[in-house]
Amino acid sequence: KMQVDLIDQDVYGLNEHGFNMPHKARHYGVAAESVLENPSDGLVVQFEVRSREGMDCGGAYLKLIAGGQGREGKLEEFSNETPYSIMFGPDRCGTSAKTHFIIQLPDKDGELVEHHMLAPPPPHDKANKTDTQLYRAVVWGDGKVTVTSPQAERTVELMSEKLWAPPVQPPEEIPDPEDVKPEDWVDAAKIPDETATKPDDWDENAPAMIPDEDAVKPEGWLDDEKTEIPDPDAAKPDEWDDDEDGEWEAPVVPNPKCQEAPGCGEWVRPMKPNAEYKGKWSAPLIDNPAYKGEWKAKDIPNPKYVKVEKAELLPIRATGIEIWTMDSGVVFDNILIARDVKTADAAREELYEKKRAAERKRDQAEDEKEADQAAADFDKAVEEDEKKDAKEEL
C-alpha cells in the first residue's frame, strides 16, 4: 500500500505531494490511467525519486502498463504479472546496480518477451539520502532509446542485436535443445605427454624459501631483551584476592628499549626465494591427436522466428509503481509521460530545478551552521585552556 505525503514542505516551500514507501520489506503498488498510443513514434518518461534512508537493496522504477489486445484488466488488480510496455528506473542490491530499461514485446505466438537494455547507466549514489534525483528515458521516432540517470546517459538502437537481451529481432536459427554431445566426443585440446620423464636433477623436495645466508644481524640488536615486558606502571587492584583470583600478573606492554633498537630477542635470518625450487614435476602438455574441437549443438530453424522491421512498443494505458523493496523512505514525485522532449525540459525547469535550488540552499545553511558550531567549540576550548593556565599560575 502506497501512502501520499507532503515532501519536506519546510525545506522546499512548494506544497508538493509524493508517493512514499515508508517501510522495509514491503510490496508496494499503485497505478493511474495515462493512455498513449504508438509510443514508438515518440515518448518521454521522466520522474523524480529520493531515497530518504539510502538505496541499498531495492528498486525505484515505473511500469508503463500495456493496453490493447485484451489487456484491459482492472487497475485495482495491478501486480507483477500485469503486462507492461516499458519498465524504467533505478535498481540496486549488493553488487548489482543499474538503471533498468526493459520492454515487453509479443513474439510470433503472441507471448510477451522481456528485452533488457544491456549496460544501462548506473543509478544514483546509494548513500545519497538528501538530494532529489531525476531520471529520464526517451523513445525517439527513429528507433533509438536514450536513458539518462544522475550518473550517465546512454543511447542505443532498439533493433541492435548486441545491445538487448534477447534481441528484438529473433535469430533465424537456434541451437537444437534436444541435441546432445556424443559420449566419445573429445573436447580436451591438450593432454599430458606420456613419453616425458622427470629430469634426474629435478628435486621435488627443495623448499620454496630458504634462509638468506648473506644477511647480517643489524648492529645494536638486543638479543637479551624481550619484545614485551610487564607494565611497570601497573598496580594490583585493591579488590584483587590472590586466594580467589590467583596470583596477580601485570599486563604486558611493548618493550620501550626495542622501539629504539633494530630489534629484540633471538635474531633469525630472513628467508628468501630458493633459486633451486622447482616444485612437483608434471608431464608437459601436448596437442591431443583425438581432439575434435568444442562441441556445439547443431542449429535448427527457430520456431519463434519472424522478420521484425521495426520495434513496435505496446500501447500504454496506465502508469504504475510496483516494487518489492528492502529500503524505506523511497519517494516518487512529478511523474511525467509525454510525447516530446520540450515538454519534459519545461517540467524539469519548473519543478526539479526549483527543488534542487531549495536543496542547495538547505545544504548551504547546514554547512554554515556546522562551521559556526566548529568555531564556537574552538573558542570554548581556548577559553577553557586559558582558565586552566591562570589557575596553575595561581
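Refer to the structure presented above.
Residues numbered from 1 in each chain as written. Predicted model: local features only at pLDDT ≥ 70, side-chain atom pairs only at ≥ 80, totals over all residues. Heavy atoms only, no water.

### Things to note about the side chain of Glu 359
Okay, step 1: Tracing the sequence through the fold places Glu 359 in helix H4 (residues 341–393).
Okay, step 2: Using a relative accessible area of 0% as the deciding quantity, one classes Glu 359 as buried.
Okay, step 3: In terms of polar contacts, Glu 359 uses its side chain to reach the side chain of Arg 356, at 2.6 Å.
Okay, step 4: Setting aside anything within four residues of it in sequence, one finds Glu 359 in contact with Tyr 12, Arg 50, Thr 130, Asp 131 and Thr 132. (Helix = DSSP H or I, 4+ residues; strand = E, 2+ residues; numbered from the N terminus. Buried < 20%, exposed > 50% of the residue type's maximum accessible area, 1.4 Å probe, protein only. Polar contact = N/O pair within 3.5 Å; in protein donor to acceptor, adjacent residues only side chain to side chain. Contact = heavy atoms within 4.5 Å.)

### A look at unusual backbone geometry
Okay, step 1: Here the residue pair Ala 165 and Pro 166 is connected by a cis peptide bond, since its omega of -10° sits within 30 degrees of zero.
Okay, step 2: By the element assignment, Pro 166 lies in the loop between strand S13 (164–165) and strand S14 (173–175).
Okay, step 3: The phi dihedral of Asn 38 falls on the positive side, at around 50°, and the residue is not glycine.
Okay, step 4: With relative accessibility at 45%, the residue Asn 38 sits in the partly exposed group.

### Notes on the state of the cysteines
Okay, step 1: On inspection of all chains with the given rule, the structure shows two disulfides.
Okay, step 2: A sulfur-sulfur distance of 1.9 Å marks the disulfide that ties Cys 258 to Cys 264. As the torsion about the S-S bond is roughly -115°, the Cys 258-Cys 264 disulfide counts as left-handed.
Okay, step 3: Taking relative accessible area as the criterion, Cys 264 reaches 10% and is therefore assigned buried.
Okay, step 4: Should the bonded cysteines of the protein chain be numbered as they appear in the sequence, the pairing reads 1-2, 3-4. (Disulfide = S-S within 2.5 Å.)

### As for the pairing of strand S8 (residues 96–106)
Okay, step 1: Bridging between strand S7 (residues 84–93) and S8 involves eight bridges; their strand directions are antiparallel. Opposite Met 87, over in S8, you have Ile 102 as the bridge partner.
Okay, step 2: Between S7 and S8, which pair antiparallel one after the other, the connecting turn spans two residues, and Gly 94 there sits at a positive phi close to 65°.
Okay, step 3: As paired strands, S8 and strand S9 (residues 112–117) are joined by five bridges and run antiparallel to one another. What sits directly across from Pro 106, in S9, is Leu 112. (Pairing = 2+ DSSP bridges.)

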